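Coordinate inspection notes
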Amino acid sequence: MSKFSDIVGQQQLKEHLKQAILTDKVSHAYIIEGERNSGKEFMAKVFAQSLQCSDREEEEPCGKCHSCIQAESLNHPDIIFVTHEKPNVIGVEDIREQINSDVQIMPYQGPKKVYIVNDAEMMTVQAQNALLKTLEEPPSYAVIILLTSNMEIFLPTIVSRCVVLHMKPAKDDEIKEFLMRTMQIPDYRAQICVAFARGNTGKARLLAKSEEFDKVKDEAVSLLKNIADMDVAELTQSIKHINEYKFDANDYLDIFLIWYRDMLLFKATHDANGLIFREELPAIRKAADKSTYEGIETIIESIEKCKARLRANVNFDLSMELLLLAIKEN
Ligand SMILES: [Zn+2]
């Protein structure tokens, strides 16, 4: 069942939508901006379901009526998910057919007709201009929700007709509580996923579900634990191995970053409680004793540098080799 109370964090955004429902001041158009997996679509679905619910409890959908059951199974005739023919492009025909023509027809059963456009930044300029026609004179029952990770691309005339809402990073302890409650995972594992997700609840959930994440994390940690004793040939071999995973290099380097931040923290406080990798305490303690503050800081800078190189499309093997050498030297 989907409810506003199921959404982790996002107090401001939830408050805004709930107030709109309670005071019957729902806008004809919304933009919800937030990074990938931050929960924009879930937010839009709950809002749409609540708008259509025939037995709403204040602002929350009841979850039991015919309308709610249809909405939950994505079969509500008046909640329309706009699709697109071509990959990565929402074209003018997609908007004309699925919104502009369709919106002229009265709702089948609900009080509203809600259109949800995922990845709305894929709309071409022509598509946006077509959408503008509906946004300029929307029927009273129309609600159009544009979901996007980048609203810079929208025409100013689109933005000015929409209520713009931004997803915010959720608090770490809220995400952790959510993971432990809904996925029954242990404390330590939840903590690691949260550290990687940086306030993105959906990402934390994906990581908690991903077996590959566990494998990559364990390998990275084993590399970091043994790097001091490895020679160049072994390092080169391990880089080749890293490359076999179709894992985001940025996320891979985040494992390194969190490791060295733990090391720095432990060196300064000798307290294991704040550590993300606290299960690896013996290794962290040993490495922290051996390294200097400057050394660890140099490594952290090198990791950031390596990330920047990869963003600039410098060769992966080369960037990693430079990093591992910097780690070895410090
Ligand atoms: Zn209902």
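Description of the structure in this document. These figures come from a predicted structure and were not determined experimentally. (Residues numbered from 1 in each chain as written. Predicted model: local features only at pLDDT ≥ 70, side-chain atom pairs only at ≥ 80, totals over all residues. Heavy atoms only, no water.)

1. As for the coordination of the zinc ion
Protein-derived ligands of the zinc ion are Cys53 (SG), Cys62 (SG), Cys65 (SG) and Cys68 (SG), with the metal-ligand distances lying across 2.3 to 2.4 Å. Of note is the zinc ion, whose 4 donor atoms meet at the metal with angles of 102 to 116° in an arrangement that counts as tetrahedral. Binding-site remark: the zinc ion is held by donors from one chain whose sequence spacing is C-x8-C-x2-C-x2-C. Here Cys53, found in the loop between α2 (40-52) and α3 (66-72), pairs with Cys68, found in helix α3; they are 15 residues apart in sequence, far enough to count as distant. The exposure class assigned to Cys53 is buried, which follows from its relative accessible area of 8%. You can call Cys68 buried: its relative accessible area is 0%. (Donors = N, O, S within 2.8 Å, 3.2 Å for Na, K, Ca; no water. Tetrahedral: all angles 85-135°; square planar, octahedral: opposite > 155°, others 65-115°. Helix = DSSP H or I, 4+ residues; strand = E, 2+ residues; numbered from the N terminus. Buried < 20%, exposed > 50% of the residue type's maximum accessible area, 1.4 Å probe, protein only.)

2. Quick look at helix α4 (residues 92-101)
The complete set of buried residues in α4 reads Asp94, Ile95, Gln98, Ile99 and Asn100. Across the axial projection of α4, the buried residues extend over an arc of 160°, all falling on one side. (Arc of directions from axis to C-beta.)

3. Observations concerning the packing of helix α8 (residues 187-197) against helix α9 (residues 201-209)
Where α8 contacts α9, the two axes come as close as 8 Å, and the packing angle between them is 135°. When the interaxial angle is binned, α8 and α9 end up oblique. In this structure, α8 meets α9 at a crossing whose hand is right-handed. Taken together, the residues of α9 that come into contact with α8 (itself represented by Arg189, Cys193, Phe196 and Ala197) are Lys203, Ala204, Leu207, Ala208 and Lys209. Class assignment of the residues belonging to the contact of α8 with α9 gives a composition of 6 nonpolar, no polar and 3 charged. (Axes fitted to C-alpha atoms, helices over the stretch in contact; angles between N-to-C directions. Parallel < 35°, antiparallel > 145°, perpendicular 65-115°, else oblique. Left-handed = near helix turned anticlockwise from the far one by under 90°. Contact = heavy atoms within 4.5 Å. Nonpolar A, V, L, I, M, F, W, Y, C, P; charged D, E, K, R; others polar.)

4. Section: the packing of aromatic side chains
Taken as a whole, this structure holds 4 aromatic pairs when the rule is applied. Judged by centre distance (5.2 Å) and plane angle (80°), the ring pair of Phe196 and Phe213 falls under edge-to-face. On the criterion of sequence distance, the pair formed by Phe196 in helix α8 and Phe213 in helix α10 (residues 211-226) is long-range, its members being 17 residues apart. Take Phe196: its relative accessible area is 1%, and that puts it in the buried class. (Phe/Tyr/Trp six-rings, centres within 6.5 Å; stacked < 30°, edge-to-face > 60°.)

5. What about the layout of surface pockets?
As a volume, the largest pocket reaches approximately 840 Å³. Of all elements in the fold, only α2, α3, β2 (79-82), β4 (142-148), α7 (172-183) and α9 reach the threshold of two or more residues within the lining of the largest pocket. The element that contributes the greatest number of residues to the lining of the largest pocket is α2, accounting for 6 residues. Taken together, the residues of the lining of the largest pocket break down into 14 nonpolar, 15 polar and 11 charged. (1 Å grid on protein atoms, 1.4 Å probe; cavity = no way out; pocket = protein on both sides within 12 Å on 5 of 7 lines; lining within 4 Å. Points joined across faces, edges and corners; volume = space filled by probe spheres on them.)

6. Let's talk about the sheet that holds β4
Taken together, the 5 strands give an open sheet; going across it, the order is β2-β3-β4-β1-β5, and neighbouring strands pair in parallel fashion. With partners counted over all chains shown, the strands left at the sheet margins are β2 and β5 (163-166), one partner each. Between one strand axis and the next, the sheet turns through 20° on average, direction left out of account. One ladder, built from 5 bridges, connects strand β3 (residues 113-117) with β4; its direction is parallel. (Pairing = 2+ DSSP bridges.)

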